[in-house]
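Geometric and topological summary
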Amino acid sequence: MFAGCQLKTRMLKAMKKTVKNDAEPEYDVEEGSNSEAPLRVYANSDVLQYELSAAEATLKPTMMFQTRSHTFTLKNTSAIPMQYQWALVKVDGHQDPAWPADETDPDAIVPKDPFSMSPTSGELEAGESVNVSMQFSPEEAGMYHRMLHASIPHLDVRPLPKEDSGDEPPPDPKAKGKGAPAAPEPLPEPQEQPCVSISARSVRPVCHFELDPSDWLTGGRRPADLPGPGGEAVPVDPSTRVVEFQSLGTRVRNTRRFNVVNPTNVSYQYVWENMDGSGAAALVQGRTFRCHQRRGVVLAGKKAEMVFDFTPEEDKVLESFWMFRIPEHGINVPFLLLGNVKEPLVMLDRPAVNFNALLLSGTAHQVVNIVNKEHLPFAFNIDPSSLGVENGSPAVTIQPMSGSVSPGSEMPLRVTFRPAEEKHYNFNVGINVRTKATKLNLNVKGEGFAVHATVAIEDANEGSSVLVPGQAGLVDFGTVYLQDKKVKSLSVTNGGKFPLDFSFTKVSSRHLTISPESAVVPKGERVEVLLAFHPTIETSLSNLQSVLALTNGPRYPISFGGSGRRPGLRLSTQSVNFGACFLHQHGLQPRREIITVANEDRQDIAFDVLFENKTHLEVDATPTILSPGDVAEIAVTFLPRQIGDLNENIVVEVNGMYRLNVDVTGFGEARRIEPADAASANVDFAAVNVGAVTKRHMRLVNRSRVHAEVSMATTKAALADAGVLLSPSEFSLRPKGTVDLEFAYAPKARQQPFAVDVIGNVGGVDVSIGTVTGQATGLETKLETDMIFFGAVVARSRTVRRVVLENVGDVGARFSWASDRFAPDFTVNPSEGFVSAHDEVTFEITFHPETTSPDIRYEDLPLSIDGMPTHGITLTGMCVDQEPSQDPISFDVPVRQEMQKEVPAINNPTDTMWVVKPVFDNDFWSGPEVLEIPAGKSAALSVTFRPLAMATGEEPHQGSVFFPLPNGSAVLYKLQGTAGAPLKEGKVENTCRAKQPSSVAISVKNWLRSPQRFKVEVNLDGSTDATSLKAPEYIDVPAMQERECRLKFYSFVEGSFSGMVKFINESSGEYQEFDVQQSVTKPDVFARADLKTVVRQAVSTTFLIDNPLDKEVVLNVSSDNGDILVDNNLALQPRSASNLVCRYRPLLAGEGSASIKASSQELGEFVFEVTLKASAAGAEKSLHFNSPLGQADSRSFRFMHLHSDKADYKVTVEGSDFVVDQASVAAPPGGSDGEEVSVDVRFEPSKLGDSEGRLILTSATAGEYTCMLHGETEAPRPQGPVEVKAAGATINFKNAFSEAVSFKATVDNPAFTVSSKGGDSIGPRATAQYAVAYKATAPGVAANAKLTIRGGGCSWVYYLKGTS
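If you're wondering where the values come from, they're calculated on a predicted model, not measured in any experiment.

1. A word on the overall build of the chain
- Scanning the chain for helices and strands turns up two helices and 112 strands.
- For the chain, the C-alpha radius of gyration of 68 Å lies well beyond 34 Å, the compact-globule estimate for 1364 residues.
- Seen along its three principal axes, the alpha-carbon backbone of the chain occupies a region of about 190 × 180 × 95 Å.
- Taking all 1364 residues of the chain together, the buried fraction comes to 40%.
- Between the mean site of the 130 positive side-chain charges and the mean site of the 167 negative ones, the chain shows a separation of 7 Å.

If you want it as structure tokens, here you go:
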């Protein structure tokens, strides 16, 4: 496209080549989508050129404070966009009027530039032009000059090219389009940047009006029919100044103010003259427009304020013509005062309110806002006559009825609608707004309607009772048991056409509830309100009222009646005091008290005892239903296990709601019935001859605090067997009371040596008192039984029984039967004979009846034995005939299950269908009501057997089905059925923790139409004394109902236990069974304790563990805290409780906890938790030292290492005069009693007086021991004598002070000399050697001397003995 275009080689300096590469966007190339397409590129290139409409402008003279405009045009004549920017520049050498001479003077006041322009910059598209407007607004008279320069980027401002030589011919315009290259177009002539010269002159006026311009006259706004000055139809001078007034409404004064400026230096007077003429119109204009000051003076260079008022009386356009005159200058300026009335923007935020339907005498409210969008306040008032007044009272009221709305705000009006008649309302309320020509109208709509409701009290027995508004209705609940509830209903029916609201006033009784207390009844519907009386205390509802109020409708007062009372269940006592009782042991009759429960009411009462049996107290009571007048018993058993008081509370729940409390108290005491003298505990008769009588005595004393009933019956019987008589055998002993027992031995036959324990039964427990011993020397026989029952025997048959006679004596004896007394039904063999000592004889007795008899009895048939009393035996039996057999239709099914069989078919030989009604004589069989037998055919009846009682094959259920046939005959089939054991009713699963009581609920059914009492039998597989499942002995179930039976489960051990619970009707033998699956999880913490002590000080606590088993149980005891000391094994005696003793002996201070576990296979695991707190210990003890200065004193600190493992103690000594040579002390394992460890401490004083210190032994595992150290330092003591031989002697002297000291040594005998090997200064606690020499005065002469070493304020004396 540009093939024939030649690029220009001359480029403008201001032009720059710009290359911009757009980034290629991300893309994916689809396979097979490649194709070629021509790319056409178009571009436009040109040189910027412009046209300017004028290069200079001279403005007409302009008055000061006026504005004159001048416009010129700038056009873009090139083919590309052009940017421009204008700048106003003062002409060099020209100064504006009143311009400061020195423009650089910073204090000079520079006036505002009178020139301005618009627009100052922009962009012109190709061929586009713009009108540039310049304004001249002088504030001082004189000449003004400005230069207006434009800046156009890239404008071709190059120098003109040199003229062409003319050698090249001009291009041929005909060659264009013939395939030859096109010649480039010539470049246009270069241009300079645009520039406009502006000149303007300002003229000073005599006066200037500071008044906003108006287009009333110039803009064509003034209507042509308005009259001119003087009321005539003449045109108005276009130069007339217009002062416009805008009035918000009528009768409002509107004020306009403007200034007249005198720019001269001479003051002058002015006059305002009205040009409206005369007449009515002028009079109106005179009232409407007012000039405040018609004459005045405008001072030189000052301003004068002119004030006009406009007060319109009607809503229309008004004009008033005035002339402003300056007489001395002959200036007349016409003015037109234009008044325009504008309707105020005061309105309602909505034009109407609709209250819809409202009950008569009801009240509804809505809010309407008066909105003022003006800048002035406006007052308003409401026309009372427009409020819909009917029958003297308005249907609508508005508050407030008058007021003022602030500028730019709104005021709420509360509109209240209160209809008095059942009709539609529709009217307009007028609102007058001051200065507003028209009223505001608010349309109000609504409808009044009345309530059409029916309120009735519903009673199933008495029917419904409709309430009358204003008249009290009665709701009588009668008598209601405490915690029970009786409900009655009240209905509210809405017969109107609108929903109905109602509510009840609050009642002053917490026993009466109304639900719902308020509700909405839709039109044409009915709402039921439940009135419930639920007394919790004995109370009465007399004088209790509530009011049912229909919203904006009638009110219905309601009185309530009824009383709440306790069920007439009387307990014989609510306080059981067992007093002092002996400790209970397993197998003995415990102390039991019976609480009688009587139903003294007129209705059935159910009660249940809520008490978990404990080891020391058991309550035997089953959930029971008492009919009026019936009596039941609650057995309370006291089983004291340890010495101490009993305080328990038993709760009796009545009808599942009301509770009675029974307080149980008692005291457990040990049995102490003992011989008064320990020597009399053994009574010895020695050897007693047969026939002799010997007596012995024993005095017993009651050392317990319980009045004891003592029975020696067992001992008496045992002694009687030995031939010893005891007297008394039954007696009472008050506390500390005594009784004398007499033992009399009178043997009548030979007797082996015997020893009988004297045992007294005290409170059901045998107490060993002593022993009775003795011996004597005879015949004794025993017959195996004294009665034989042969059962039923068929006539003329026989059966045999055997009986044994045993001789346990020392000699043989003859025997004989009275055989004639056995006839005719019995015989005995042998009838007589001899039985040796320590031997036996077997008798065969035969029963052979001949005639039938239901009871054959031979009583007290004698057996005579020489030397012995006669033995007797009774024989019984019965004789029966053999019964014929039958073949009934047999059924066999588990009880309470169904089985069906068809009886043999019945044939219909007739030609008509038979409809037969079978008749069953036993309710256990049933079938269809009718049996249809087609003509000439047969049909069988399906019979269903559902027995409600068990029956065996020996005694089956008997019945029959009877078919009366239409032909006068009948068919009878006998029915026989056996009902086996019932199927199990279900499986009850329960989970609990070991050693925590758990309740298992079983729903027991009664399948009969009469109440049943079931005996409850529980069988728990694999259970031991450590696991128990207890149930009430009996449970009563009403007819055809179910009742829950709660079983109490307790297990010491974990595991899973299966069992069976059987509910047996003892009168009928019927029962129902349930499988029970009880899972026992790990026990919770059995007991808790808190232990606080000081380290290494032991403190103990005990936990009581009960052993319910009949054997000894050994518990393995362990603790997870080494500071808790327990015995590894704890033996629990049978049926007793033992204490587990836990000792806490901490070695380290701090807080923690311990878990103690005692477990056995029999009783499972007992878990105890102990909270531990150990405080730091003080000093173990103190060591006292005494040493002269310069010497040392040693002591040993001994302590007990209590840790079970060995430990190393770090040694720390506080106090510089105390020394321990070892840095640590090793302690062997301490064991249970600890191991003694000692540490040697040495006191080396460094000063006179007392010293204090502390020894600290620390171990991370075994704790810390502290010992206080006290040292007393004495003055140095003399030492010696030191033997000094000819070779001399050395004295080792130690500086005891803690700092270096200079010492001086002197000797009082010149035969001795002393010198220090290290000098006189000795370092702290260092040792120096003093050499002592002796020179005898004569050979063999010995001498004594005293060596004194002084230093540090002390002296050390050494006695010397010199030998040669």
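2. Structural notes on the sheet that holds strand β28 (residues 410-417)
- What the four strands build is an open sheet, ordered β20-β22-β28-β26; its pairing is antiparallel. Unpaired on one side and paired on the other, β20 (346-348) and β26 (396-399) mark the two borders of the sheet. The mean inter-strand angle of the sheet, taken between neighbouring strand axes irrespective of direction, is 25 degrees.
- For β26 and β28, the ladder comprises four bridges, and the chain directions are antiparallel. Bridge pairing links Gln-399 to Arg-414 in β28.

3. Description of the sheet that holds strand β89 (residues 1099-1107)
- Spatially, three strands are ordered β89-β93-β91 in an open sheet, and the strand pairing comes out antiparallel. Only two strands of the sheet have a single partner each, and these edge strands are β89 and β91 (1124-1125).

4. Description of the pairing of strand β77 (residues 942-945)
- Across four bridges, strand β70 (residues 899-902) lies against β77 in antiparallel orientation. Residue pairing in the sheet places Glu-902 in a bridge with Ser-942 of β77.
- Note that strand β74 (residues 925-926) and β77 share two bridges and pair antiparallel. Paired with Ser-926 across the bridge in β77 is Thr-944.

5. Description of the nonpolar core
- Ile-1002, Phe-1063, Ile-1105, Leu-1140 and Ile-1156 are the most contacted members of the largest nonpolar core, which has 50 residues in total.
- With five residues, the top contributor of residues to this core is strand β95 (residues 1164-1175).

6. What to know about unusual backbone geometry
- In the segment running from Gln-399 into Pro-400, the intervening peptide bond is cis, with an omega of 0 degrees.
- Looking at the secondary structure, you find Pro-400 in the loop between β26 and β27 (402-405).
- The amide bond that connects Ser-727 to the next residue, Pro-728, takes the cis arrangement and shows omega of -5 degrees.
- Among the secondary structure elements, Pro-728 is positioned in the loop between β55 (724-727) and β56 (730-733).
- One non-glycine residue, Asn-543, lies in positive phi territory at about 65 degrees.
- Along the chain, Asn-543 falls in the loop between β39 (539-540) and β40 (544-550).
- Assessed through its relative accessible area of 81%, Asn-543 is described here as exposed.
- Although it is not a glycine, Lys-736 adopts a positive phi angle of roughly 70 degrees.

7. Focus: the packing of aromatic side chains
- Under the counting rule described, the total for this entry stands at 52 aromatic pairs.
- A centroid spacing of 5.7 Å and a plane angle of 45 degrees characterise the contact between Phe-477 and Phe-533, whose relative ring orientation is tilted. You can see Phe-477 sitting in strand β33 (residues 473-481) and its partner Phe-533 sitting in strand β38 (residues 526-533), a full 56 residues away along the chain. No difference in accessibility class separates Phe-477 from Phe-533, as the two residues are buried.
- Ring geometry for Phe-1303 and Trp-1356: centres 5.9 Å apart, planes at 70 degrees, overall edge-to-face.

8. Structural notes on the side chain of Asn-443
- Within the secondary structure, Asn-443 is located in strand β30 (residues 440-449).
- Relative accessible area serves as the criterion here: at 17%, Asn-443 is assigned to the buried category.
- There is a polar contact of 3.0 Å between the side chain of Asn-443 and the side chain of Asn-426.
- Each residue touching Asn-443, except ones within four places of it in the same chain, is listed here: Pro-351, Ala-352, Val-353, Asn-426, Phe-427 and Asn-428.

9. Brief notes about the pairing of strand β82 (residues 1012-1020)
- Examined bridge by bridge, β82 and strand β84 (residues 1034-1037) share four bridges and lie antiparallel to one another. Across the sheet, residue Lys-1015 finds its bridge partner in β84, namely Tyr-1034.
- Of the pairings in the sheet, the one linking β82 to strand β86 (residues 1055-1064) comprises six bridges and is antiparallel in character. Its bridge partner lying in β86, Val-1018 is registered against Val-1061.

10. Quick word on the state of the cysteines
- Going through the model one piece at a time under the given rule, you end up with zero disulfides.
- The structure places no disulfide on Cys-992, whose sulfur is separated from the nearest cysteine sulfur, that of Cys-1045, by 17 Å.

11. Here's the deal with the environment of Ile-650
- With respect to the helices and strands, the residue Ile-650 is situated in strand β49 (residues 644-654).
- C-alpha separation for the pair Ile-650 and Val-664, spaced 14 residues apart in sequence, amounts to 7.5 Å.
- Excluding residues within four positions of it along the chain, Ile-650 makes contact with Val-609, Phe-611, Val-619, Val-636, Leu-660, Asn-661, Val-662 and Val-664.

12. Some words on the pattern of salt bridges
- Counted under the stated rule, the structure contains 43 salt bridges.
- Put simply, Glu-244 and Arg-221 hold a salt bridge, and the shortest N to O gap is 3.0 Å. A residue pair is termed long-range when its members are at least 10 positions apart, and Glu-244 in strand β12 (residues 241-248) and Arg-221 in the loop between β11 (208-210) and β12 qualify at 23 residues.
- With relative accessibility at 25%, the residue Glu-244 sits in the partly exposed group.
- Close ionic contact of Glu-458 with Arg-526 constitutes a salt bridge, the shortest N to O distance being 3.4 Å.

13. What about the confidence of the model for the chain?
- In this model, the chain carries a mean pLDDT of 82, and residues with pLDDT of at least 70 account for 92%.
- In this model residues 164-168 is a low-confidence stretch, pLDDT under 50, and it forms zero contacts with partners more than four residues away in sequence or in other chains.
- pLDDT under 50 marks residues 173-180. Its contacts with residues more than four places away, or in other chains, come to one contact.

14. Remarks on a nonpolar patch on the surface
- Together, Met-913, Val-915 and Val-930 make up an exposed nonpolar region whose accessible area comes to about 250 Å².
- Following the sequence through the fold, Val-930 ends up in the loop between β74 and β75 (931-933).

15. Brief notes about the environment of Lys-1173
- Its location among the elements puts Lys-1173 in strand β95.
- Along the chain, Lys-1173 and Ser-1355 lie 182 residues apart, while their C-alpha atoms are 56 Å from each other.
- Setting aside chain neighbours within four positions, we find Lys-1173 in contact with Leu-1091, Lys-1092, Thr-1093, Tyr-1144, Gly-1150 and Glu-1151.

16. Observations concerning the environment of Arg-221
- According to the relative accessible area criterion, Arg-221 is partly exposed, its value standing at 38%.
- Setting aside residues no more than four positions away along its own chain, Arg-221 makes contact with Ser-214, Asp-215, Trp-216 and Glu-244.
- A polar atom in the side chain of Arg-221 sits 2.8 Å from the side chain of Asp-215.

Analysis parameters
- Residues numbered from 1 in each chain as written.
- Predicted model: local features only at pLDDT ≥ 70, side-chain atom pairs only at ≥ 80, totals over all residues.
- Heavy atoms only, no water.
- Helix = DSSP H or I, 4+ residues; strand = E, 2+ residues; numbered from the N terminus.
- Rg over C-alpha atoms; globule rule 2.2 N^0.38 Å.
- Buried < 20%, exposed > 50% of the residue type's maximum accessible area, 1.4 Å probe, protein only.
- Lys, Arg positive; Asp, Glu negative; His and termini not counted.
- Charge placed at Lys NZ, Arg CZ, Asp CG, Glu CD.
- Pairing = 2+ DSSP bridges.
- Axes fitted to C-alpha atoms, helices over the stretch in contact; angles between N-to-C directions.
- Core = buried A, V, L, I, M, F, W, Y, C linked by side-chain atoms within 4.5 Å.
- Phe/Tyr/Trp six-rings, centres within 6.5 Å; stacked < 30°, edge-to-face > 60°.
- Polar contact = N/O pair within 3.5 Å; in protein donor to acceptor, adjacent residues only side chain to side chain.
- Contact = heavy atoms within 4.5 Å.
- Disulfide = S-S within 2.5 Å.
- Salt bridge = Lys/Arg side-chain N within 4 Å of Asp/Glu carboxyl O.
- pLDDT = per-residue confidence, 0-100.
- Patch = residues over 30% accessible without salt bridge, like charges linked within 9 Å, V, L, I, M, F, W, Y side chains within 5 Å.
- Areas by Shrake-Rupley, 256 points an atom, 1.4 Å probe, with all protein chains shown as cover.

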